Amino acid sequence: MKINIYYGGRGIIDDPTLFVINKMQEILEELRVNVTRYNLYESKGAIATLPQTLKEVDGIILVTTVEWYGIGGYMQQFLDACWLFGDKEQIARIYMCPVVMSTTYGEREGKLNLSTAWEILGGLPCSGICGYIENTVMLEMNEQYIRIIEKKAENMYRSISQKMACFPASNQAVKQKIAVPNSDNLTPQETERLSQYVSDDGYVQRQKEDIQELTSLFRNMLSEEGEDNEEEYLGTFRRHFKPQAGFEADYSINIEEKKKKLILSVKGPKLECYYGSLEQPDVDMHMGRSTIEDIVNGRMTFQRAFMSGAMKTRGDFRTMRTLDQIFLFEEKKQ
């Protein structure tokens with residue numbers, strides 16, 4: 001018989017859970033069980049690969065300590081990995097004994113969470129151990145507590161050796177009806193390889209760099225497409241131009257995702273509107289595409305865009321405010 005122990009605590013010296021699993025391991029080894037322990041805090045970089053260790057085991061003991069709330073991050077990561085990368089057919093034949101000790105409130109909920117998670121995975125839960133232990137010495141010196149631990153280990157051995165059946169649980173029935181199937185349809189071998197990739201920080205980092213490179217490439221392509229359309233917004237500004245007698249000013253608008261700036265050069269009744277550059281504009285503005293769309297469609301004025309922070313401006317503020325007088329986009333609402 002082979003049983004694996006997965007410890008999800010932090011490994012601190014006075015953790016009462018360590019005493020429990022040490023005693024259970026001692027009893028199981030006396031019964032000639034091959035016991036292997038995995039301390040998740042030591043293998044936190046490779047937790048995604050640990051479902052591979054479930055191969056050909058007869059049972060497992062999931063162990064965690066409730067220090068403030070819940071079963072802890074390491075144990076949750078391991079259960080997530082079992083759901084994503086574990087062989088569900090193999091898990092369906094594995095008995096699981098939950099062990100949860102707490103130094104605060106929540107040991108019963110933690111034990112229930114482990115049992116529920118294993119049932120949803122399709123496995124076979126056994127009767128476990130949970131308790132509140134304020135002082136580890138109290139646990140070590142109490143013969144009755146030690147006897148309870150020994151009995152639980154013996155019961156687990158008996159359940160596995162006799163292949164005791166478990167009543168069907170609603171968790172499994174509901175899962176079969178509403179769970180979203182895996183569209184990838186990966187084989188157990190492919191899933192195992194995927195878990196290795198996920199646990200490889202170097203591989204993950206390379207994937208992130210590749211994604212960033214592709215994102216930058218497509219962004220540049222989109223920018224070039226927007227740049228090719230050098231008539232965008234020009235007709236709109238020309239149609240809504242309302243000249244002011246004697247007013248002259250040069251505006252430069254830097255629109256995100258466009259490499260060239262939109263230049264508005266007002267010379268009294270004349271307007272020059274084009275994409276290019278201007279060395280010393282009276283007002284230099286910077287805004288996103290959504291902001292310029294709101295302005296030309298009459299949903300926002302230049303002054304509101306500036307006041308809300310959607311547009312950044314350098315230059316004469318009075319000259320900037322005049323934009324709302326010489327370009328009356330609100331007429332588009334009518």
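All residue numbers here refer to positions counted from 1 along the written sequence of the relevant chain. Only residues with pLDDT of at least 70 get local features here, since the model is predicted, and only at 80 or more are side-chain atom pairs given and counted; chain-wide, interface and lining totals rely on the full set of residues. Side-chain measures were taken over the full set of non-hydrogen atoms in the model, leaving aside hydrogen atoms and water.

1. Notes on the overall build of the chain
Then step 1. By the criteria applied, helices consist of DSSP H or I runs no shorter than four residues and strands consist of E runs no shorter than two, each listed in order from the N terminus. Tallying secondary structure elements over the chain gives 14 helices and 11 strands in all.
Then step 2. Counting across all 334 residues of the chain, residues that qualify as buried make up 41%.
Then step 3. Residue contacts are counted whenever heavy atoms from the two residues lie within 4.5 Å of one another. Across the chain, the fraction of contacts at a sequence separation of at least 24, relative to all contacts at a separation of at least 6, is 74%.
Then step 4. Of the roughly 19400 Å² of accessible surface on the chain, a fraction of 49% belongs to carbon and sulfur atoms. When a residue's accessible area, from a 1.4 Å probe over protein chains only, is under 20% of the maximum for its type it is buried; when over 50% it is exposed; and in between it is partly exposed. Computed with a 1.4 Å probe, the accessible areas rest on the Shrake-Rupley method; for each residue, only the protein chains presented here act as cover.

2. Describing the packing of aromatic side chains
Then step 1. What counts as a ring pair is set by centres within 6.5 Å for rings of Phe, Tyr and Trp (its six-membered ring), and what kind of pair is set by the plane angle: stacked under 30 degrees, edge-to-face over 60, tilted for all other angles. By the definition in use, this model includes nine aromatic pairs.
Then step 2. Plain terms: the ring middles of Tyr-6 and Phe-78 are 4.5 Å apart, the flat faces sit at 25° to each other, and that makes the pair stacked. Within this pair, whereas Tyr-6 is found in strand β1 (residues 2–7), its partner Phe-78 is found in helix α2 (residues 73–85), the two being separated by 72 residues in sequence.
Then step 3. Given the relative accessible area of 0%, Phe-78 is considered buried.
Then step 4. Following the ring pairs from residue to residue traces out a cluster consisting of Phe-237, Phe-241, Phe-327 and Phe-329.
Then step 5. We call a charge positioned over a ring when the NZ of a Lys or the CZ of an Arg lies within 6 Å of the ring centre and within 35 degrees of the ring normal. When the ring centre of Trp-83 is taken as reference, the NZ or CZ atom of Lys-88 above it lies at 5.3 Å.

3. Some thoughts on helix α6 (residues 143–161)
Every α-helix carries 3.6 residues per turn, so stepping three or four residues along brings you back to the same face.
Then step 1. Taking 1.5 Å per residue as the helical rise, α6 with its 19 residues ought to reach 27 Å, and the 27 Å between its terminal C-alpha atoms agrees with that figure.
Then step 2. Contacts from the buried residues of α6 go to β1, α1 (16–30), β3 (59–66), β4 (95–102), β6 (129–132) and α5 (136–140).
Then step 3. Any pair of N or O atoms that falls within 3.5 Å is considered a polar contact. Within protein, one atom must be able to donate a hydrogen and the other to accept it, and sequence-neighbouring residues count only if both atoms are side-chain atoms. You can read the cap of α6 off the contacts: a side-chain oxygen lies 3.0 Å from the backbone nitrogen of Gln-144, and it is on Asn-142.
Then step 4. A positive backbone phi angle near 50° is found at Lys-163, which sits one or two residues after α6. Working rule for helices: expected span equals 1.5 Å times residues minus one.

4. Some points on the confidence of the model for the chain
Then step 1. Every residue carries a pLDDT, the predictor's confidence in it, which falls somewhere between 0 and 100. Mean pLDDT over the chain works out to 86, with 85% of the residues at or above the 70 mark.
Then step 2. Predicted confidence is poor over residues 177–181, with pLDDT under 50, and the contacts of this stretch with residues over four places away or in other chains come to one contact.

5. Focus on a nonpolar patch on the surface
Then step 1. Like charges are joined within 9 Å and nonpolar side chains (Val, Leu, Ile, Met, Phe, Trp, Tyr) within 5 Å, but only among residues with over 30% relative accessible area and no salt bridge; these make up the patches. Salt bridge criterion: a side-chain nitrogen from Lys or Arg within 4 Å of a carboxyl oxygen from Asp or Glu. A contiguous nonpolar surface patch, about 270 Å² in accessible area, is contributed by Met-138, Tyr-145 and Ile-148.
Then step 2. On the secondary structure map, Met-138 appears in helix α5.

6. So, the packing of α1 against α6
Think of two packed helices as two axes; the pair is described by the angle between the axes and how far apart they sit.
Then step 1. Axis definition: a line fitted to C-alpha atoms, over the contacting stretch in the case of helices. Angles run 0 to 180 degrees between N-to-C directions. The contact between α1 and α6 brings their axes to 9 Å, and the two run at 50°. The angle between α1 and α6 places the two elements in the oblique class. In terms of crossing hand, the pair formed by α1 and α6 is right-handed. Between α1 and α6, the contacting residues are Phe-19, Val-20, Lys-23, Met-24, Ile-27 and Leu-28 on the first element and Ile-146, Ile-149, Glu-150, Ala-153, Glu-154 and Tyr-157 on the second.
Then step 2. Residue composition of the contact of α1 with α6, grouped by class: nine nonpolar, no polar and three charged. By the definition adopted for this analysis, an angle is roughly parallel if under 35 degrees, roughly antiparallel if over 145, roughly perpendicular if from 65 to 115, and oblique otherwise. Helix crossings fall into two classes, left-handed where the near helix is turned counterclockwise from the far one by less than a right angle and right-handed where it is turned clockwise. The nonpolar class holds Ala, Val, Leu, Ile, Met, Phe, Trp, Tyr, Cys and Pro. Asp, Glu, Lys and Arg form the charged class, and all remaining residues, Gly among them, are polar.

7. A short note on the environment of Met-1
Then step 1. Structurally, Met-1 can be placed in the segment before β1.
Then step 2. Between the alpha carbons of Met-1 and Ser-161 there is a distance of 8.0 Å; along the sequence they are 160 residues apart.
Then step 3. In this structure Met-1 touches Val-33, Asn-34, Asp-58, Tyr-157, Ile-160 and Ser-161, once residues within four positions along its chain are discounted.

8. Examining the pattern of salt bridges
Then step 1. Across all of its chains, the model carries 10 salt bridges by this definition.
Then step 2. Residue Glu-67 is joined to Arg-10 by a salt bridge in which the shortest nitrogen-to-oxygen separation is 2.7 Å. In this pair, Glu-67 is assigned in the loop between β3 and α2 and Arg-10 in the loop between β1 and α1, connecting sequence segments 57 residues apart.
Then step 3. Exposure remark for Glu-67: the relative accessible area of 30% places this residue in the partly exposed category.
Then step 4. Residue classification places Arg-10 among the partly exposed positions, given a relative accessible area of 49%.
Then step 5. Taking the shortest distance from any N to any O, the salt bridge between Lys-151 and Glu-154 comes out at 4.0 Å. Taken together, the positions of Lys-151 and Glu-154, both in helix α6 and three residues apart, correspond to about one turn of that helix.
Then step 6. Glu-154 sits in the partly exposed class, given a relative accessible area of 22%.
Then step 7. Each member of the salt-bridge network shares a partner with another, and the members are Glu-232, Lys-258 and Arg-289.

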